[in-house]
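Here is how the chains run, residue by residue.
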Amino acid sequence: MVLTAKPDTVARDKQDLLLREAVRVLLQNWHGHATVPSRTLYPHQWSWDSAFIALGLQHISAARAATELLSLFGAQWADGRVPQIVFNPAVPDDAYFPGPSVWRSSAVDGHPPIATSGIIQPPVHAVAAASIVPRLGEERGRRFAERAYPSLVDLNAYIRQRRTVDGGLAVLVHPWETGLDNSPAWDHPLAAVPADHALFETYTRRDVAHAGVGERPTNDDYARYIRLMLRYRDHGYDDDWVRAEAEFVVVDPTFNALWAWSELALADIARRLGRDDSAHVAEAARITAAMVDQLWSEERGLFVARDVRSGRLLPERTVAGLIPLVLPGLPSEVVKALLATATGEVFRVGAPEVHGVPSFDLTDVRHEPRRYWRGPTWLNTTWLVARGLEVHGHQELAHRLDDDLVGLVAKSGFREYFHPRTGRGHGTRSFSWSAALLIHVLVGAEA
Ligand code: 2M8
């Protein structure tokens, strides 16, 4: 099919070239039923990546986008969790660390026949599914919705029943579950987790073979990541154990906001299936109210994370605290304050010298513009903030962020993340969600 870009600040012929390259990235990263984030750094299927990828794939082939999501749901556990990674059995065990032999998911009751990791990622899948349904046409759209809906409902039930603490918000038990793995927000809770470097006598990091050491998490971070995953694994991925005993338990604003947003998307799918949507609408309202009650920081001007172990609100201003803008039910004074924080000195959204939304506070001494989730601009979080601005009527600023997204790719290619001031690319190349979101923004959700 021929994709045509909407006219914008990057010249039209350049946009068409970018679209062709983006399609090529997604085709190269497709492995038969799903798309890897990167052939080198991430050679398996990742959970929230697949949702962003499906949003772009739908413009190439709606059927392929549906397959991307359904193949992920095929690896859903009996308890409802959709795993962070679905391993491709054709890829060697040591191509990615930690691979299937470290996660040992097959030892768990109720695990599907394919190997997976045992943790989860932000639940943005229902939003992708709701976007794809109308693109499939009446009959196929209905069949896809009928298949996807129960998996999505089961995932949200898992979060509600197995992953909430007092106050009803979801908790995460590993930095990898947040998607913003080495965010400075996790520095305080992670300080309580021993960093045992002896683990590197048994385990070898693979990521630093594919991306610069200065662009990835440190060995201290990794020693803690490994310890946390091994302890959860050795307790059979039991959520009663993890909520009571894990050393890292946090309430994250992005995860909870996407959970609430996914309930609104499920309401949309339910209506298309002729079902009652009221439980989904009520659940979205409940989560939104709990977030405002428990995670809103008037002093910091955005949502912040909470460390369950110390009971502390974590003061770091990260992009995760702006993403709740996607929720239409926020009080107007909260939206106003979020807008001021986004456009102020902390993130400088819309300023000519800053590209997209930096992942971390530009004014904090810990800001590192090239290191992973400690400063660089990422396209998925920039896209989410843009959609949030749109929800609250700030079309012009949202459009500006979409332009930034296209401009970053035009300048530096389909990189994993970008220096927020120079726009230079970092991390892996030919990164799938960068390609998918470029397509989604350029072709447009209504096209
Ligand atoms: C990054 O995380 C993985 C672990 O899940 C890693 O560093 O090995 C994160 O950026 C995460 O958000 C993303 O889903 C994943 C794959 O792109 O890579």
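Here, the structure is the one placed above.
Residues numbered from 1 in each chain as written. Predicted model: local features only at pLDDT ≥ 70, side-chain atom pairs only at ≥ 80, totals over all residues. Heavy atoms only, no water.

**Student:** Can you tell me about the overall build of the chain, naming the residues and giving the values?
**Tutor:** Scanning the chain from terminus to terminus reveals 16 helices and nine strands. Projecting the C-alpha coordinates of the chain onto the three principal axes gives extents of approximately 55 × 50 × 45 Å. Buried residues in the chain amount to 63% of all 447 residues. Partitioning the intrachain contacts of the chain with sequence separation of at least 6 by distance along the chain shows that 70% fall at a separation of at least 24. Of the roughly 16,200 Å² of accessible surface on the chain, a fraction of 50% belongs to carbon and sulfur atoms. Each charge class in the chain can be summarised by its mean position, and for the 47 positive and 54 negative side chains these summaries are 4 Å apart. (Helix = DSSP H or I, 4+ residues; strand = E, 2+ residues; numbered from the N terminus. Buried < 20%, exposed > 50% of the residue type's maximum accessible area, 1.4 Å probe, protein only. Contact = heavy atoms within 4.5 Å. Areas by Shrake-Rupley, 256 points an atom, 1.4 Å probe, with all protein chains shown as cover. Lys, Arg positive; Asp, Glu negative; His and termini not counted. Charge placed at Lys NZ, Arg CZ, Asp CG, Glu CD.)

**Student:** Outline the site of the ligand, supporting the account with residue identities and numerical values.
**Tutor:** Around the ligand lies a shell of 18 residues, among which Asp49, Tyr96, Gly179, Asp181 and Tyr372 are the nearest. Each residue belonging to the shell around the ligand can be placed in one class, and the counts come to twelve nonpolar, three polar and three charged. (Near = heavy atom within 4 Å. Nonpolar A, V, L, I, M, F, W, Y, C, P; charged D, E, K, R; others polar.)

**Student:** Help me get a handle on the sheet that holds strand 7 (residues 313–314), residues and values and all.
**Tutor:** Spatial ordering of the open sheet is given by 3-6-7, a layout of three strands whose pairing is antiparallel. The open sheet terminates on both sides in strands that have one partner only, identified here as strand 3 (250–251) and strand 7. Of the strand pairs in this sheet, strand 6 (residues 305–307) and strand 7 are connected by two bridges, and their pairing is antiparallel. Bridge pairing in strand 7 places Ala305 opposite Leu314. (Pairing = 2+ DSSP bridges.)

**Student:** Please provide a residue-by-residue account of helix 5 (residues 125–132), values included.
**Tutor:** For helix 5, the buried fraction is high: seven of the eight residues fall into the buried class. Of the surrounding elements, those touching the buried residues of helix 5 are helix 2 (47–57), helix 3 (62–73), helix 6 (138–162) and helix 11 (253–272).

**Student:** Before we move on, can you summarise the packing of aromatic side chains with the specific residues and values?
**Tutor:** According to the stated counting rule, one finds 23 aromatic pairs in the structure shown. Centroid distance Trp186 to Phe248: 5.9 Å. Interplanar angle 80 degrees. Geometry classified as edge-to-face. Of this pair, Trp186 sits in the loop between helix 7 (175–178) and helix 8 (187–191) while Phe248 is found in the loop between helix 10 (239–245) and strand 3, placing the two residues 62 residues apart along the sequence. The pair Trp186 / Phe248 is uniform in exposure class, with both members buried. Aromatic rings pair up to connect Tyr42, Trp46, Trp48, Phe52, Tyr96, Tyr372, Trp373, Trp378, Trp383, Tyr417, Phe431 and Trp433 into one cluster. Arg64 extends its terminal NZ or CZ atom over the ring of Trp30, reaching a point 4.2 Å from the ring centre. (Phe/Tyr/Trp six-rings, centres within 6.5 Å; stacked < 30°, edge-to-face > 60°. Lys NZ or Arg CZ within 6 Å of the ring centre and 35° of its normal.)

**Student:** Talk me through the pattern of salt bridges; I want residue IDs and the actual numbers.
**Tutor:** A complete count under the given rule lists 30 salt bridges for this structure. A salt bridge links Asp234 to Arg233; the nearest nitrogen and oxygen atoms lie 2.9 Å apart. Asp234 gets classed as exposed once you look at its relative accessible area, which sits at 52%. With a shortest N-O distance of 3.1 Å, Arg400 and Asp404 are connected by a salt bridge. In this pair, Arg400 and Asp404 both sit in helix 15 (residues 395–412), four residues apart, roughly one turn of the helix. Judged by its relative accessible area of 9%, Asp404 falls in the buried class. Among the charged side chains, a network of salt bridges with common partners joins Asp187, Glu316, Asp364, Arg366, Glu368, Arg371 and Arg374. (Salt bridge = Lys/Arg side-chain N within 4 Å of Asp/Glu carboxyl O.)

**Student:** Report on unusual backbone geometry, specifying residues and quantitative values.
**Tutor:** Of note, the amide linkage connecting Phe97 to Pro98 takes the cis form, showing an omega dihedral of 0 degrees. Relative to the assigned elements, Pro98 resides in the loop between strand 2 (85–86) and helix 4 (100–103). Phi is positive for Tyr237, close to 55 degrees, though the residue is something other than glycine. By the secondary structure assignment, Tyr237 is in the loop between helix 9 (219–234) and helix 10. Judged by its relative accessible area of 2%, Tyr237 is buried. A positive phi is found at Tyr372, a non-glycine position, where the angle reads about 50 degrees. When its relative accessible area of 4% is taken as the criterion, Tyr372 is described as buried.

**Student:** Give me the packing of helix 2 against helix 14 (residues 379–391): which residues, what numbers.
**Tutor:** At a minimum axis distance of 12 Å, the contact between helix 2 and helix 14 shows a crossing angle of 65 degrees. Between helix 2 and helix 14 lies a crossing of left-handed hand. Contacts between helix 2 and helix 14 involve Trp48, Phe52 and Leu55 on the former and, on the latter, Asn380, Trp383 and Leu384. Of the residues contributing to the contact of helix 2 with helix 14, the split by class is five nonpolar, one polar and no charged. (Axes fitted to C-alpha atoms, helices over the stretch in contact; angles between N-to-C directions. Left-handed = near helix turned anticlockwise from the far one by under 90°.)

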